[in-house]
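Tertiary structure, described
So you can see what is in the structure, the chains are spelled out below.
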Amino acid sequence: MRVNLNVNGEDVTADDVWPGESLLYVLRERLGLPGSKNACEQGECGSCTVYFDGVTACSCMIAAGQAEGREVRTVEGLAPERGKGGERALGVVQEAFVEAGAVQCGFCTPGLLVQTDDLLERTVGAGLGAPGDAEIREALAGNLCRCTGYEKIIDAVHLAAERRADAADGARS
């Protein structure tokens, strides 16, 4: 079957899709977007987290046919476009993860980035201020990391929240 969807702001079509195929498989193998990782295939680890019609979801649990006509934003879509060639720079959340040393093997990182972006949009972006440790832990509870011990991840979320708040304050000035 053919699946038409909007991925990272661009209308795309995936052909020869098996109806039971996962959205994750379509993104990685048919559309060439390897950012979302295939780890558990059971919706337990969060490595494949994407925005699905504006809500975070594990793409391994979404059948490709369910994505028809829907909007998907992947980790690749978090980076702002820069320049005439469409090359992308790192986004605020991505930069914070790198600077805080929250990236080790990198397998969980895409899901953590998407979930962090969502948390900061719901808090800092909504004018509610930066989230505290408990709120960060709750928001990231569905994302498993076996390398970092989470402290550097939490540090990265705080850093990204601070920068996002500073950017919002600068935009209001």
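Everything here concerns the structure above.
Summarised in this report is the structure supplied together with it. All values reported here derive from a predicted model rather than from experimental measurement. (Residues numbered from 1 in each chain as written. Predicted model: local features only at pLDDT ≥ 70, side-chain atom pairs only at ≥ 80, totals over all residues. Heavy atoms only, no water.)

1. Points about the overall build of the chain
Definition in use: By the criteria applied, helices consist of DSSP H or I runs no shorter than four residues and strands consist of E runs no shorter than two, each listed in order from the N terminus. Only the C-alpha atoms count toward the radius of gyration. The rule for a globule is 2.2 Å times the residue count to the power 0.38. Exposure categories follow from relative accessible area, calculated using a 1.4 Å probe and restricted to protein chains: below 20% of the type maximum is buried, above 50% is exposed, and the middle band is partly exposed. Each accessible area is a Shrake-Rupley estimate made with a 1.4 Å probe; only the visible protein chains count as cover when residues are assessed. Counted as positive: Lys and Arg. Counted as negative: Asp and Glu. His and the chain ends are not counted at all. To locate a charge, the coordinates of NZ of Lys, CZ of Arg, CG of Asp or CD of Glu are taken.
A tally of regular secondary structure across the chain gives five helices and five strands. A compact globule built from 173 residues would reach a C-alpha radius of gyration of about 16 Å, and the chain, at 16 Å, matches this within 12%. For the chain, the residues scored as buried account for 43% of the 173 residues in total. Total accessible area on the chain is roughly 8,900 Å²; 48% of this is exposed by carbon and sulfur atoms. Charged side chains in the chain number 16 positive and 27 negative. The centres of these two groups are separated by 2 Å.

2. Remarks on the state of the cysteines
Filter applied, for reference: Disulfide assignment relies on a single distance test, namely cysteine sulfur atoms paired within 2.5 Å.
Counting across every chain of the model gives zero disulfides. With no disulfide of its own, Cys 45 has Cys 40 as its nearest cysteine by sulfur position, at a separation of 3.7 Å. The closest cysteine sulfur to the non-disulfide-bonded Cys 60 is located on Cys 48, 3.7 Å from its own sulfur. Residue classification places Cys 60 among the buried positions, given a relative accessible area of 13%.

3. A few points about the side chain of Gln 94
Applied cut-off: For this analysis, residues touch if any pair of their heavy atoms sits within 4.5 Å.
By the secondary structure assignment, Gln 94 is in helix α2 (residues 92-99). Overall, Gln 94 belongs to the buried group, its relative accessible area being 12%. Dropping the residues within four chain positions of it, Gln 94 is found in contact with Val 75, Leu 78, Ala 79, Ala 89 and Leu 113.

4. Comments concerning the layout of surface pockets
Where empty space is left can be seen by rolling a probe of water-molecule size over the atoms. Test applied: Only protein atoms enter the calculation, which uses a 1 Å grid: trapped sets of points that fit a 1.4 Å probe without letting it out are cavities, open sets showing protein on both sides within 12 Å along at least five of seven lines are pockets, and any residue with an atom within 4 Å of a point is a lining residue. Grid points are joined across faces, edges and corners, and a volume is the space filled by probe spheres set on the points. Under the convention adopted here, Pro, Cys and the residues Ala, Val, Leu, Ile, Met, Phe, Trp and Tyr are nonpolar, Asp, Glu, Lys and Arg are charged, and Gly plus all remaining residues are polar.
Its boundaries defined by the atoms lining it, the largest pocket holds a volume of some 170 Å³. What lines the largest pocket is simply Val 7, Asn 8, Glu 10, Val 12, Leu 31, Leu 33, Glu 76, Gly 77, Glu 81 and Arg 88. When grouped by side-chain class, the residues that make up the lining of the largest pocket number four nonpolar, two polar and four charged.

5. Describing α2
Going by this rule: The arc in question is the one traced by the directions running from the helix axis out to the C-beta atoms.
Among the residues making up α2, those that are buried are Val 93, Gln 94, Ala 96 and Phe 97. Viewed along the axis of α2, the buried residues span an arc of 160 degrees, placing them on a single side of the element. For α2, exposure combined with an orientation more than 90 degrees from the buried face picks out Val 98 and Glu 99. Backbone geometry just downstream of α2 places Gly 101 in the positive-phi region, at approximately 70 degrees.

6. Concerning the pairing of strand β1 (residues 3-7)
The side chains of a regular strand alternate, first on one face of the sheet and then on the other. Defined as follows: By this definition, two strands are paired if DSSP reports at least two bridges between them.
Across the five residues that make up β1, a large majority, four, are buried. For β1 and strand β2 (residues 10-14), the ladder comprises five bridges, and the chain directions are antiparallel. Considered in β2, the bridge of Asn 6 is made with Asp 11. Sheet topology places β1 next to strand β5 (residues 71-73); two bridges connect them, and they run parallel. The residue bridging Asn 6 from the neighbouring strand is Glu 71, located in β5.

7. Considerations on the sheet that holds β1
The line we're drawing: Orientation is described by axes fitted as lines to C-alpha atoms, over the contacting stretch for helices, and by angles from 0 to 180 degrees between their N-to-C directions.
Overall, mixed pairing links the five strands, which are arranged β2-β1-β5-β3-β4 in an open sheet. Among the strands making up the open sheet, the edge pair consists of β2 and β4 (55-58). Here the average twist between neighbouring strands, direction ignored, is 40 degrees. Sheet topology places strand β3 (residues 49-52) next to β5; two bridges connect them, and they run antiparallel. Within β5, the position partnered with Tyr 51 by the bridge is Arg 73. Packing against the sheet, helix α1 (residues 23-30) makes contact with β1, β2, β3 and β5, and its axis sits at approximately 105 degrees to β3.

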